[in-house]
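Descriptive analysis of the structure
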Amino acid sequence: MPVTLLDRLPMPNLRMYSSGSVVALSACVYYATQVIKDPNWSAAADSADIVGLHKEVVDLNKSNASMPDGRSMGQYVSDVFSVMIREPVCVWTMINMAFCWLILVGTAVQKLVFGELRVSEQQHLKDKFWNFVFYKFIFVFGIINVQYIDEVLLWCSWFSLLGFLHLLSQLSKDRFEYLSFSPTTPLWSHVKLLALLGAIFALSGFMLLVSVFVGFFGGFNTFAFMSAEVVLLSIRTLHVIIRYALHLYDMRQEGSSSVSTNEENRVWEKRGPIAYYTELGFELTALIIDFVHHLHMLVWSNIFLSMASLVICMQLRYLFHEIQRRYKKHRNYLWVRNHLEQNYPMASSEELVENSDNCAICWEKMESARKLPCTHLFHNTCLLSWLEQDTSCPTCRLALNIQNPSTSRIDPPDLQVDVPQPQRRQLNHFFHFDGSRYVSWLPSFSVEVSHNQLMRPEAAPASNSQLDAMARQVQQLFPHIPITTIINDLRVTRSVEITIENVLDGRLVAPAMYREPDVVPSANRPMSVLQTNCDTNLQQERNWDELSTDPVET
Amino acid sequence: MAGSALRRLMAEYKQLTLNPPEGIIAGPINEENFFEWEALITGPEGTCFEGGVFPAKLIFPADYPLSPPKMQFTCEMFHPNIYADGRVCISILHAPGDDPMGYESSAERWSPVQSVEKILLSVVSMLAEPNDESGANVDAAKMWRENREEFNKIAERIVRRTLGIPT
């Protein structure tokens, strides 16, 4: 794996790297100051080709050239800068310095807010980092297909800033989840984490503005590419912030639960659906934006058979499945909620008094509760979240008749309606080749392979509409035989002809449940068909021979 | 929501410390993370595990009590229903949906009315009466069935080891 390989590379530590970068930068600055000491430097630069923005600076320099030492400080700095920007080595040093700054800022934030990272956080961070680098590499070189180095640099710097914020937001999410495992987190760490999340959110807003600004010049596609990522970032961050706020509210509620009034309890009851719907909204929005973003990339790149589009397609597939999964889960939630509201009444206050226990799911006091048919009481939200995944009473395991037709959830066996199906059913493969349909002299034959095996109950029966049609055909010939008998026989034979023959031979009167050998390539019934068919065809063939030989003789 | 899971775990911890069941001690490893517990189980009297003190780790999911926790012994164990790595295989630790062995009825499986106390009590009874039909450790199940003396010897060695007595 490339990641482990990179781990083994001797990476310089941060102190070495940043001091090296500073030294390199100061060397460049020194070089630039040396260059502008020469009064004719701008003239020399003029002969070299200069790109737009810097021309103005140079022009300004020309006008000031008459007073060599009268240059103001700002002028001096801009001179140095213009020299540096023209020298490739200096440009790279500055870029390196920018990255160094980013890393330093990241380390500072980590020290300030997170302290020591936990192992799982580090692992997450590393995964996310390489994932991001991989996808952005594909984006820049596979999708946008940039040609010029300055474009690459612009995209790179944009994505490094974005990736930096993404990683920070991921880290905050992990840390929030960890902090929510503990009841004794000091307030200070909550404040620090929330401040960081707020800062990330504000920065993502700023970046959105930048992308709008760039979009004005770069066109709609560039805007869409840039903003999609930023919007994703801000949605994720906002999601964490809101979850955090809900969690803190929860904990505060816990503290004051001893003096809970009726008013507070009503809010408490409502909190479940609110939390659920915010969760759903955020997750779905993020997924859909990501999906559209990838779809946009695929359509825009216009290269349908490249490695990049393959990767994008994989990602699209994953996102699609995620959306589908989320949607199904939501359907299930709605179904269970409706079922709950319609079938199980709220417990009356007498029942609540009588049953002084706490809710068995969350172990908290019940001010209001739903009653199951087995008279067990639970909080509405607790019961709902349990029934989403199982369909029995948590206390006594009474099977509740909740069956959602839209989901393929596995229900416990005692809930399943017993479909009367024969335990041993013959699974036949019936190959029938009717050659006479194409050319009259071609023989028609049929081969039947029948297995006897224990059927699993979920094995799908042969399509019923087809069977019905076939059965009706047979019944037209033999109206005295009940259609169910015909269908049963057709299930076995899967052929109208054989069933007719069975009826004619008197086999259909008694249900055919005798065992047959596993493979019957030329057993009685199929063979007879083969023979009869062949006989008729041979006759036809003979006729055809006579016809064909006639002209030869004449 | 992690909030309700946390409150439930705190309530369970409180109950376990206020009136602890015999032979069982359990609680969070540290107060910063209520979702990882450590438990000490003493071997039930009159069985081959008598006298041993077996440490185990319990990891709770964020949606506890809707999903069951995972339990793993952190000492060496030799038992038909304990995997070689210490994971415990009992039906109440299995979520209602999944059925790895294919024969448990849903009535025996996890439900939110179960608790840490009930899990640990069933582990104690599992230590006393192994179920050799669901073999998490096939060697142990076989030995339990066919060569009980050898099994008892190994169990005794493990008990001594958990107490720090040289074997």
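Criteria and thresholds
- Per chain, the residues get numbers from 1 upward, laid out in the order the sequence is written.
- Here every chain gets a letter starting at A, and every ligand a number starting at 1, in the order they are written.
- Whole-chain, interface and lining totals are the exception, using all residues; otherwise, since this is a predicted model, local features are given only for residues with pLDDT of at least 70 and side-chain atom pairs are given and counted only at 80 or more.
- The side-chain values count all of the structure's non-hydrogen atoms but skip hydrogen atoms and water molecules.
- Where helices and strands are cited, they refer to DSSP runs of H or I of at least four residues and of E of at least two residues respectively, numbered from the N terminus.
- Three labels apply to residues, based on accessible area from a 1.4 Å probe with only protein chains included: buried if under 20% of the type maximum, exposed if over 50%, partly exposed otherwise in between.
- Residues count as neighbours in contact if any of their non-hydrogen atoms are within 4.5 Å of one another.
- Areas reported here follow the Shrake-Rupley algorithm with a probe of radius 1.4 Å; residue values treat only the protein chains shown as occluding.
- Stacked, tilted and edge-to-face are the three classes applied to pairs of Phe, Tyr and Trp rings, where Trp contributes its six-membered ring and a pair requires centres within 6.5 Å; stacked means planes under 30 degrees apart, edge-to-face means over 60, and tilted covers the rest.
- The rule is short: NZ of Lys or CZ of Arg within 6 Å of the ring centre and within 35 degrees of the ring normal puts a charge over the ring.
- UniProt positions are given in the numbering used here, feature names are shortened, and annotations may be inferred rather than shown by experiment.
- Residues grouped as a nonpolar core are buried Ala, Val, Leu, Ile, Met, Phe, Trp, Tyr and Cys residues, joined through side-chain atoms within 4.5 Å.
- Every angle, taken between N-to-C directions, lies between 0 and 180 degrees, and every axis is a line fitted to C-alpha atoms, over only the stretch in contact when it is a helix.
- Crossings are classed by handedness, with left-handed meaning an anticlockwise turn of the near helix from the far one by less than a right angle and right-handed meaning a clockwise turn.
- Think of it as three bins: nonpolar holds Ala, Val, Leu, Ile, Met, Phe, Trp, Tyr, Cys and Pro, charged holds Asp, Glu, Lys and Arg, and polar takes everything else, Gly as well.
- In this scheme, roughly parallel covers angles under 35 degrees and roughly antiparallel covers those over 145, while 65 to 115 is roughly perpendicular and the rest are oblique.
- Any carboxyl oxygen of Asp or Glu that lies within 4 Å of a side-chain nitrogen of Lys or Arg is treated as forming a salt bridge with it.
- The pairing criterion for strands is at least two bridges between them, as found by DSSP.
- Buried area counts how much accessible surface, traced with a 1.4 Å probe, disappears from two parts once they are put together, with both parts' losses summed.
- Under the rule applied, a polar contact is a pair of N or O atoms within 3.5 Å (in protein, one hydrogen donor and one hydrogen acceptor; residues adjacent in sequence only if both atoms are side-chain atoms).
- In this description, the term disulfide denotes a pair of cysteine sulfurs within 2.5 Å.

**Quick notes on the overall build of chain A**
Looking only at helices and strands, chain A has 18 helices and four strands in total. Expressed as a percentage of its 554 residues, the buried residues of chain A come to 36%. The contacts of chain A with a sequence gap of at least 6 include a subset with a gap of at least 24, amounting to 64%. Counting every atom, chain A has about 33,200 Å² of accessible surface; 64% of that belongs to carbon and sulfur.

**Re the packing of aromatic side chains**
For the coordinates displayed, the defined rule picks out 27 aromatic pairs over all chains. Centre to centre, the rings of Phe-129 of chain A and Trp-130 of chain A are 5.1 Å apart; their planes meet at 75°, and the pair counts as edge-to-face. For the cation-ring pair, Lys-136 of chain A lies above Phe-139 of chain A, with the distance from its terminal atom to the ring centre recorded as 5.8 Å. The side chain of Arg-87 of chain B reaches across the aromatic face of Tyr-83 of chain B, ending 4.4 Å from its centre.

**A look at the UniProt feature "active site" (unreviewed entry) in chain B**
With numbering aligned to this structure, UniProt lists the feature "active site" (unreviewed entry) at Cys-89 of chain B. Here Cys-89 of chain B lies in the loop between strand E4 (70-73) and helix H2 (116-128).

**Some thoughts on the nonpolar core**
In summary, soluble globular proteins display a tendency toward joint burial of nonpolar side chains. If you look at the biggest cluster of nonpolar residues, it comprises 43 residues, and the most contacted ones within it are Trp-37, Phe-54, Met-71, Phe-73, Leu-120 and Val-123 of chain B. Among the elements of the structure, helix H1 (2-18), strand E1 (24-30), strand E2 (33-42), strand E3 (53-59), E4, H2, helix H3 (138-146) and helix H4 (148-163) of chain B are those that each provide at least two residues to this core. Here this core takes seven residues from H2 of chain B, the largest share from any one element. Those residues within four positions of Leu-120 of chain B in sequence are excluded, and the remaining contacts are Ile-24, Ala-26, Ala-39, Ile-41, Leu-58 and Met-71 of chain B. Counting residues in each nonpolar core, the second largest holds 41 residues, with Leu-125, Ile-144, Leu-162 and Ile-312 of chain A among its members.

**Considering the packing of helix H2 (residues 14-37) of chain A against helix H6 (residues 88-114) of chain A**
Helix-helix packing: each pair is described by the crossing angle between the helix axes and the interaxial distance. Residue and element names in this part refer to chain A. The geometry of H2 relative to H6 is characterised by a closest axis approach of 9 Å and an angle of 145° between their N-to-C directions. Relative to H6, H2 is oriented so that their crossing is left-handed. Only Cys-90, Thr-93, Met-94, Asn-96, Met-97, Phe-99, Cys-100, Ile-103, Leu-104 and Thr-107 of H6 make contact with H2, whose side of the interface consists of Leu-14, Tyr-17, Ser-18, Ser-21, Val-22, Ala-24, Leu-25, Cys-28 and Tyr-31. Here the contact of H2 with H6 is built from residues that sort into 14 nonpolar, five polar and no charged.

**Some words on the side chain of Ser-227 of chain A**
Tracing the chain through its elements places Ser-227 of chain A in helix H10 (residues 220-255). Looking at Ser-227 of chain A, the relative accessible area reads 9%, which means it is buried.

**Describing helix H16 (residues 483-493) of chain A**
Where H16 of chain A is concerned, the buried positions are Ile-486, Ile-487, Asp-489, Leu-490, Val-492 and Thr-493 of chain A. Backbone geometry just downstream of H16 of chain A places Arg-494 of chain A in the positive-phi region, at approximately 60°.

**Looking at the packing of helix H7 (residues 119-144) of chain A against helix H12 (residues 307-343) of chain A**
All names here are of chain A. Between H7 and H12, whose axes approach to 10 Å, the crossing angle comes to 135°. By the angle between their axes, H7 is oblique relative to H12. Where H7 crosses over H12, the two elements pack in a sense that is left-handed. Facing H7, whose interface residues are Phe-134, Tyr-135, Ile-138, Gly-142 and Ile-143, H12 presents Ala-308, Val-311, Ile-312 and Gln-315. By residue class, the composition of the contact of H7 with H12 is seven nonpolar, two polar and no charged.

**Section: the pattern of salt bridges**
Considering all chains together, one arrives at eleven salt bridges over all chains under this definition. Where Glu-121 of chain A meets Arg-175 of chain A, a salt bridge forms, and the shortest distance between an N and an O atom there is 2.8 Å. Here Glu-121 of chain A is found in helix H7, whereas its partner Arg-175 of chain A is found in helix H8 (residues 149-179), with 54 residues between them in sequence. Of the residues examined, Arg-175 of chain A reaches a relative accessible area of 11% and is grouped as buried. Close ionic contact of Glu-364 of chain A with Arg-7 of chain B constitutes a salt bridge, the shortest N to O distance being 2.8 Å. Highlighted residues: Glu-364 of chain A in the loop between helix H13 (349-354) and strand E1 (370-371) and Arg-7 of chain B in helix H1, drawn from two different chains. Classification of Arg-7 of chain B by relative accessible area gives buried; the value is 6%.

**As for the sheet that holds E2 of chain B**
Residue and element names in this part refer to chain B. Strands sit in the order E1-E2-E3-E4 across an open sheet of four strands; the sheet is antiparallel. Both edges of this open sheet fall to E1 and E4, since each of them pairs with a single strand only. Each strand of the sheet is rotated relative to its neighbour by a mean of 25°, with strand direction disregarded. Pairing geometry for E2 and E3, over seven bridges, is antiparallel. The residue of E3 that forms the bridge with Ile-41 is Phe-54.

**Structural notes on the environment of Leu-165 of chain A**
All names here are of chain A. Mapped onto the secondary structure, Leu-165 falls in helix H8. Judged by relative accessible area, which is 2%, Leu-165 ranks as buried. Considered as a pair, Leu-165 and Leu-233 are 68 residues apart in the sequence and their alpha carbons are 7.8 Å apart.

**So, the interface of chain A and chain B**
Taken together, the contact pairs 25 residues of chain A with 28 residues of chain B. Buried area between chain A and chain B, both sides added, is near 2,500 Å², and the carbon and sulfur share of it is 62%. On the chain A side of the contact with chain B, Phe-181, Trp-363 and Arg-397 of chain A bury the most area, a combined 30% of that side's loss. There are one salt bridge connecting chain A and chain B. Inspection of the chain A/chain B interface yields five residue pairs in polar contact (both at pLDDT 80 or more). Sort the elements by how many residues they give to the side of chain A that touches chain B and H10 of chain A lands first, with four residues. Counted by class, the side of chain A that touches chain B contains twelve nonpolar, seven polar and six charged residues.

**Here's the deal with the pairing of E3 of chain B**
All names here are of chain B. By the alternation rule, side chains of E3 split into Phe-54, Ala-56 and Leu-58, which are all buried, and Val-53, Pro-55, Lys-57 and Ile-59, of which none is buried. In the sheet, E3 pairs with E4 via four bridges, with the strands oriented antiparallel. Note on E4: the bridge partner recorded for Leu-58 is Met-71.

**Observations concerning the state of the cysteines**
Residue and element names in this part refer to chain A. The final tally for this structure, using the stated rule, is zero disulfides over all chains. Of the cysteine sulfurs around Cys-359, a residue in no disulfide, the closest is that of Cys-362, at 3.9 Å. Cys-393 carries a free sulfur, and the closest cysteine sulfur to it, the one in Cys-374, is 3.6 Å from it. When its relative accessible area of 0% is taken as the criterion, Cys-393 is described as buried.

**Examining the UniProt feature "domain: RING-type" (unreviewed entry) in chain A**
Per the UniProt record, "domain: RING-type" (unreviewed entry) is annotated on residues 359-397 of chain A. Taken end to end, residues 359-397 of chain A comprises 21% helix and 10% strand; its first and last C-alpha atoms sit 16 Å apart.

**Observations regarding unusual backbone geometry**
The linkage connecting Tyr-64 of chain B with the following residue, Pro-65 of chain B, adopts the cis geometry, with an omega of 5°. Along the chain, the position of Pro-65 of chain B falls in the loop between E3 and E4. The phi torsion at Trp-363 of chain A lies on the positive side, around 60°, for a residue other than glycine. Checked against the element boundaries, Trp-363 of chain A lands in the loop between H13 and E1. One non-glycine residue, Thr-375 of chain A, lies in positive phi territory at about 65°. For Thr-375 of chain A, the location among the structural elements is in the loop between E1 and strand E2 (377-378). For Thr-375 of chain A, a relative accessible area of 51% translates into the label exposed.

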